[in-house]
Amino acid sequence: MSRFLNDRYLSLKEYVPGEQPRDMKYVKLNTNESPFPPSEGVVDAINADSVRLLKLYPDPDCSELREKIAGLFGYGKENVFVANGSDDILNFSFMAFCGADSHSVVFPEISYGFYKVYADLYGVDYTEIPLAQDFSVDPEDYIGIGKNIVIANPNAPTGLALDRATVERIVASNPDNLVLVDEAYVDFGAESCVGLVGKYDNLLVVRTFSKSYSLAGARLGFAIGSEGLIADLNKIKFSTNPYNINRLSMIAGCRAIEDNMYYMNNCKIIARTRRRVTEELRNIGFEVLDSKTNFIFARTPEMGGEELYAELKKRGVLVRHFARESIKDFNRITIGTDDEMNVFLRAVKEILGK
Ligand SMILES: *Cc1c(COP(=O)(O)O)cnc(C)c1O
């Protein structure tokens, strides 16, 4: 730290991304990336011609990409916001909608770690709501709470999802507050709330191309919401970084939407592998939460979470462990290809002597 840092950031604890080690080749099951490459359409579209166009600024309005996304979900372009990863959208949303008093915010105590980081960054008044005993989000905690709400659905790192009707109850009971539903993992088997956007002007659904669309490296996220919410997000974007999506990512996103079937099929494959791995882990004594995502959250009574993580790493398998007390026995394991998961399962059995 230098002596120049603004005082208000002295105690800020930044987000710590999952490790991306380069010391050896790992079976990488720690950051929920897709094991499948982008579609051929995306690969073809990023070519010498598109690279030559990098001399020009990208379209700050992102019209083509917004229209494509809007078309996929049956909304208009004015209902779609796009940004540099959904993290960028969460950042803008905390900036735009969260603060003190009527702008204070609540989110689950165990959820995506970035919510708290943004809340701290902007000095937002926030409350973390504990999960239920079974690690689920208890909707009753959020009904009529009268504060802004941020929930990941499905939640991370638990993988558990609320059904659409339950999220709708939360949205309908807080008409004067924003409900932001982070659907980063929804394509892997949960019910999306995108269809409710036309009915509730206080609902913002946030999505990403990073997981189900195999484009984590492109940095592309989108949000669907009422025209007013999208206009507010654009106000913040044009006040910070109007060209926040580069030309190549914009092209990749457009082609990915055209190739939607390819990605949705990959999600089905991943969900099938998830069910198999869940069953195999349960058969050797693991507790595995009922995931609707491309990862599972699992613990065994036979070994602590951190030790299992370390033993797997020694064997070239990388998973994610969180030190937080209430979940320290668990590991979050991304679902890769069947071959990758077989390597993982063999390593687990070797470690536990099964
Ligand atoms: C991965 C993830 C994000 C961030 O996605 P990007 O689009 O890559 O920034 C947001 N929310 C949740 C819950 C995630 O797991």
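Residues numbered from 1 in each chain as written. Predicted model: local features only at pLDDT ≥ 70, side-chain atom pairs only at ≥ 80, totals over all residues. Heavy atoms only, no water.

**Side note on the side chain of Ser212**
Right, so step 1: Position of Ser212 among the secondary structure elements: in the loop between β7 (203-208) and β8 (221-225).
Right, so step 2: A distance of 2.6 Å separates a polar atom in the side chain of Ser212 from a polar atom in the side chain of Asp187.
Right, so step 3: Residue contacts for Ser212: discarding those within four places in its chain leaves Asp187, Phe188, Tyr263 and Cys267. (Helix = DSSP H or I, 4+ residues; strand = E, 2+ residues; numbered from the N terminus. Polar contact = N/O pair within 3.5 Å; in protein donor to acceptor, adjacent residues only side chain to side chain. Contact = heavy atoms within 4.5 Å.)

**Things to note about the pairing of strand β3 (residues 105-108)**
Right, so step 1: Strand direction decides the pairing type here: β3 and strand β4 (residues 126-129), joined by 4 bridges, are parallel. Bridge pairing in β4 links Pro108 to Ile129.
Right, so step 2: After leaving β3, the chain enters helix α5 (residues 114-121) and then returns to the sheet as β4, a path that is right-handed.
Right, so step 3: Strand direction decides the pairing type here: β3 and strand β5 (residues 148-152), joined by 2 bridges, are parallel. Among the inter-strand pairings, Val105 is bridged to a residue of β5, identified as Asn148. (Pairing = 2+ DSSP bridges. Right-handed = clockwise from strand over helix to strand, strands pointing away.)

**Things to note about the pairing of β8**
Right, so step 1: Counted residue by residue, β8 has 5 buried out of 5 residues, so it is predominantly covered.
Right, so step 2: Here β8 shows no split at all, with Gly221, Ala223 and Gly225 on one side and Phe222 and Ile224 on the other all buried.
Right, so step 3: Judged from the 4 bridges that link them, strand β2 (residues 80-83) and β8 form a sheet pairing that is antiparallel. Pairing of Val82 across the sheet is with Phe222, part of β8. (Buried < 20%, exposed > 50% of the residue type's maximum accessible area, 1.4 Å probe, protein only.)

**Some details on the domain arrangement of the chain**
Right, so step 1: Structurally, the chain comprises domain 1 (7-37 + 261-352) and domain 2 (40-259).
Right, so step 2: Placing a centre on the C-alpha atoms of domain 1 and another on those of domain 2 gives a separation of 24 Å.
Right, so step 3: Contact with domain 1, which involves 34 residues of that partner, is made by 31 residues of domain 2.
Right, so step 4: Summed over both partners, the interface of domain 1 with domain 2 comes to about 2600 Å²; 67% of that surface belongs to carbon and sulfur atoms.
Right, so step 5: When the buried surface of domain 1 facing domain 2 is broken down by residue, Tyr15, Tyr263 and Lys292 rank first, second and third, together holding 26% of it.
Right, so step 6: For the pair domain 1 and domain 2, the interface holds 2 salt bridges.
Right, so step 7: A salt bridge links Glu109 to Arg324; its shortest N-O distance comes to 3.5 Å.
Right, so step 8: Across the contact surface, domain 1 and domain 2 share 8 residue pairs in polar contact (both at pLDDT 80 or more).
Right, so step 9: Those elements giving two or more residues to the side of domain 1 that touches domain 2 turn out to be α9 (260-283) and β10 (295-299).
Right, so step 10: Here the residues of the side of domain 1 that touches domain 2 are counted per class, giving 18 nonpolar, 7 polar and 9 charged. (Domains from an automatic or database assignment. Buried area = accessible area lost by both parts, 1.4 Å probe. Salt bridge = Lys/Arg side-chain N within 4 Å of Asp/Glu carboxyl O. Nonpolar A, V, L, I, M, F, W, Y, C, P; charged D, E, K, R; others polar.)

**Details of the pattern of salt bridges**
Right, so step 1: Considering all chains together, one arrives at 27 salt bridges under this definition.
Right, so step 2: A salt bridge links Asp61 to Arg66; the shortest N-O distance between them is 3.1 Å.
Right, so step 3: The exposure class assigned to Asp61 is partly exposed, which follows from its relative accessible area of 29%.
Right, so step 4: For Arg66, a relative accessible area of 6% gives the class buried.
Right, so step 5: In this structure, Asp290 engages Lys292 in a salt bridge whose closest nitrogen and oxygen atoms are separated by 3.6 Å.
Right, so step 6: A relative accessible area of 47% places Asp290 in the partly exposed class.
Right, so step 7: The network of salt bridges with common partners includes Glu64, Lys68, Arg255 and Glu258.

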